[in-house]
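# Descriptive structure summary
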Amino acid sequence: MKKIGLLILYLITSSIAIAYENADKWETHLSYSNTNRVCVTENKVFAIASNHLYSISKEDKLLEIHTKLDGFSENEVTEIQYSKERKCLIIVYTNSNIDILESDGTIYNIPDLYQKQISVNKTVHQITIDKEYAYLATGFGIVVVNLKKKEIANTYIIGPDATKVPVYGITIDEEYIYALSSDYIYKAKKENTNLLDYNNWQENKIPLNTSKNCNSLYKFSNSLFTIKSDSIVYMYNNGWKDFYTSAKHAKLSFSDDKMFISAASNGLICYNNNLSEEYIKAIYSLDATYENNTFWIASSDCVSFYDNNGNIERFKTSGPALSNAQTLKFSGDRMYIMNGRGSKTDRGYKTPYISFYKDKKWTTYTPTQLGMYDFIDYAYDVTSVVTDPKDKSHYYFSTFGEGVFEVKNDKIIAIHNHATTNNQIKTANEGNFHYNRCDGLNIDSYGNIYVAMSSVNNPITLLSPSIGWKNLEHKDTYRTEWAHKFIFTSKFRALLSTRSSSEIYFWHDNKTPTDPSDDKVVRYTALYWLDKDGKSISPTYLSDAQEDKNGTIWIGTDMGPILLQDPSKIFTSNDYRCTRVKINRDDDSGLADYLLDGETVFAIEVDYGNRKWLGTANSGLYLVSEDGTETLAHFTKDNSPLSSNNISDLELNPHTGELFIATPEGVFSYHTDSTEPVKEATKETVYAYPNPVRPEFSGDVIIGGLEDNSLVWITDISGNLIFKGRTVGGSLSWN
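Residues numbered from 1 in each chain as written. Predicted model: local features only at pLDDT ≥ 70, side-chain atom pairs only at ≥ 80, totals over all residues. Heavy atoms only, no water.

Bringing the overall build of the chain into the picture now. Helices and strands together make up the secondary structure of the chain, namely two helices and 70 strands. Projecting the C-alpha coordinates of the chain onto the three principal axes gives extents of approximately 85 × 70 × 55 Å. The buried share among the 735 residues of the chain stands at 56%. A separation of at least 24 residues holds for 47% of the contacts in the chain among residues at least 6 apart in sequence. Of the roughly 32,200 Å² that the chain leaves accessible, carbon and sulfur atoms contribute 44%. Positive and negative side-chain charges of the chain, numbering 73 and 93 respectively, have mean locations separated by a distance of 2 Å. (Helix = DSSP H or I, 4+ residues; strand = E, 2+ residues; numbered from the N terminus. Buried < 20%, exposed > 50% of the residue type's maximum accessible area, 1.4 Å probe, protein only. Contact = heavy atoms within 4.5 Å. Areas by Shrake-Rupley, 256 points an atom, 1.4 Å probe, with all protein chains shown as cover. Lys, Arg positive; Asp, Glu negative; His and termini not counted. Charge placed at Lys NZ, Arg CZ, Asp CG, Glu CD.)

Now the structure itself:
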């Protein structure tokens, strides 16, 4: 799609070509689980689901998602509206950026509202179209967009004495513009009136009859309609009255001289111009529109097509259940995403979906589908998952409160908590089934499954194939409030304690993992860390840790990455010191800066070329060289499809080299040139993708299934050398 940017502040139209570097390597994995808005255009029906945009073609019913990869300015959409006169769709994003999508696919961006530095809420609550203008109800007033010129035409500040008041809805008739605020409906004549003068909005304002804020405003059958926040529909015609009070959710829409109330599980209710109820459609409805005897209905998990003959079609796009994934884990042959805890130090009471990506498709199981309520009254906050290496259909997942669930063929077969394990899994509140705070599931080479527990003494428990559940009671009782993750190396084990206590608990099991009596134990507390220059380092918390191919442990902290080189010396040295990566400045000062000094590193992933992928809280995603001294790539929301610079987790698919990236606004993936190497390359293991490479293809060709650091020659049909290079892990990328 073409994209045109307009810088209205200078009244100059400038063309902006958005071309993300290596765009063909990116994929979006956004959630479309809650469809709550539909809008009919000339050729398509657009819908918003979980703040993401997709459409259905009227002609062939093909479904299409719309993201930054398609030239749109953002991924997170808050409102859409169609102009029949201009034949364009106006799209407003959650950050107040604005796009206009023309019928030929051209996208125009109007960034003025997004870029405007003002200390008020810029949220757009409703869009109303009148001729060639779109009126935006915002958190501070009314913004008018000229759809023909693709620019912001005016801003109306309508409060008393020109104060900025939130506008929650706008409706327009032949004579007046009506604006819904917290306490009044402001009203002004739209012709021959200086609407920039707040006084012209004050004379005819209508007091609201409710102490709670209302949202949205419409004019129908000579009456005004608005909806109270608890879903009571009010009507005003020389006085207020309750019009509809029977729903927990209600949304108004209008078409073909009819008014519709989408009332969730109470169905879709239709009223004619006399405000008489014509019928009720028994279908779950959060929004609806009507055209040519056909309904298009936002039905939460899909868009429903419903004609007058009773025919129903449902349209649903693939995606994970979660928009704000906190944790990723490739286990078995699935990439799992988990919603995790709430804050850094407490639970979030998030629905315990099991959502995973396999064979280019997302699958989600709800608690009911898993059979969870056969074992416990409720559960929340899935934190980790691990798969039985001998049986991919057999896996476990932990929750931050209800312990560990065991699953076979995507059905829960057992729950493991303090009661079912004879207190080998511990509860932080004696006898309470909702304080089994578990995380960090991992499996060792013996097949032992480890679980980390928070707010209890001796927070490490394992499930042994031979003896069952066993709590590791080391000689010195150890307690951590927020145990998070295990690190397994060839020489020792480590438990990363994050968030509050900021320490790592190292133990060497002497090859007797179920017998803690002979273990060597060291608590390495961040409050006392020294680097090799003798400088004190005191990170507030530790977010992630990974061992690289050289045996160095990279730790993500709020002071950047910190390295533990030759960490087995921790067991023998009284003066073990960590290191930080120094990067020489590009001047003659002889000074150096630490890698990402002062930046919070939430996630670390080591690829098969021993390069490090670093996900940060504020600066996006970095790829650095093996020793960290060279930045090979840096992706942010400005130069990639990412919705956010806050990267909460990273996980590499070892078979495909696809790096999955979790952010608070959704999951993304980037096809790296690093895959797991094979022990011995043969004709059966080696592959090229795509194959064949067609003339129109412009991306990278991946040659995979090779041994680590293999030398690859690429020649033409005559044997002339075209390219030569070495693999990163088991694959090589050639452009």
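For Arg-611, the position within the fold is in the loop between strand S57 (601–606) and strand S58 (612–616). Among the polar contacts made by the side chain of Arg-611, one reaches the side chain of Asp-607 at a distance of 2.8 Å. What Arg-611 contacts, discounting residues up to four positions off in sequence, is Glu-605, Val-606, Leu-623, Val-624, Ser-625, Glu-626, Leu-632, Asp-673, Ser-674 and Val-728. (Polar contact = N/O pair within 3.5 Å; in protein donor to acceptor, adjacent residues only side chain to side chain.)

Turning to the packing of aromatic side chains, a few remarks are in order. By convention here, two paired aromatic rings are described through the distance between centres and the angle between planes. All chains considered together, the criterion is met by 42 aromatic pairs. Ring centres 5.0 Å apart and planes at 65 degrees place the aromatic pair Trp-296 and Phe-305 in the edge-to-face group. Here Trp-296 falls in the buried class, since its relative accessible area comes to 4%. A connected cluster of aromatic rings, assembled from ring pairs, spans Tyr-450, Tyr-478, Phe-486, Phe-488, Tyr-505 and Trp-507. Above the ring of Phe-305, the side-chain terminus of Lys-61 is found at 5.0 Å from the ring centroid. Lying across the ring of Tyr-349, Arg-347 places its NZ or CZ 5.0 Å from the centre. (Phe/Tyr/Trp six-rings, centres within 6.5 Å; stacked < 30°, edge-to-face > 60°. Lys NZ or Arg CZ within 6 Å of the ring centre and 35° of its normal.)

With that settled, consider the pattern of salt bridges. Taken as a whole and assessed by the stated rule, the structure comprises 32 salt bridges. Its salt-bridge partner being Lys-258, residue Glu-278 comes within 3.0 Å of it at the nearest N-O pair. One end of the pair, Glu-278, is in strand S27 (residues 277–281); the other, Lys-258, is in strand S25 (residues 258–262), and 20 residues separate them in sequence. Judged by its relative accessible area of 36%, Glu-278 falls in the partly exposed class. The class for Lys-258 is buried, based on a relative accessible area of 18%. The structure contains a network of salt bridges with shared partners spanning Arg-37, Glu-79, Lys-251 and Asp-287. (Salt bridge = Lys/Arg side-chain N within 4 Å of Asp/Glu carboxyl O.)

What follows deals with unusual backbone geometry. Its identity as a non-glycine residue notwithstanding, Asn-510 has a phi of 55 degrees, on the positive side. Structurally, Asn-510 is set in the loop between strand S48 (503–508) and strand S49 (520–525). Taking the relative accessible area as the measure of exposure, Asn-510 reaches 33% and is therefore partly exposed. Positive phi values are uncommon outside glycine, yet Asp-566 reaches one of about 45 degrees. Taking relative accessible area as the criterion, Asp-566 reaches 35% and is therefore assigned partly exposed.

With that settled, the discussion passes to the sheet that holds strand S7 (residues 63–66). Strand pairing in a sheet relies on backbone hydrogen bonds. The paired strands run either parallel or antiparallel. Spatial strand order, S4-S5-S6-S7: four strands in an open sheet with antiparallel pairing. Edge positions in the sheet fall to strand S4 (35–40) and S7, since each has one partner strand and no second. Across the sheet, the mean angle separating the axes of adjacent strands is 25 degrees when strand polarity is ignored. With five bridges connecting them, S4 and strand S5 (residues 44–49) associate as antiparallel partners. Counterpart to Val-40 in the pairing with S5 is Val-45. (Pairing = 2+ DSSP bridges. Axes fitted to C-alpha atoms, helices over the stretch in contact; angles between N-to-C directions.)

These figures capture arrangement, not role.
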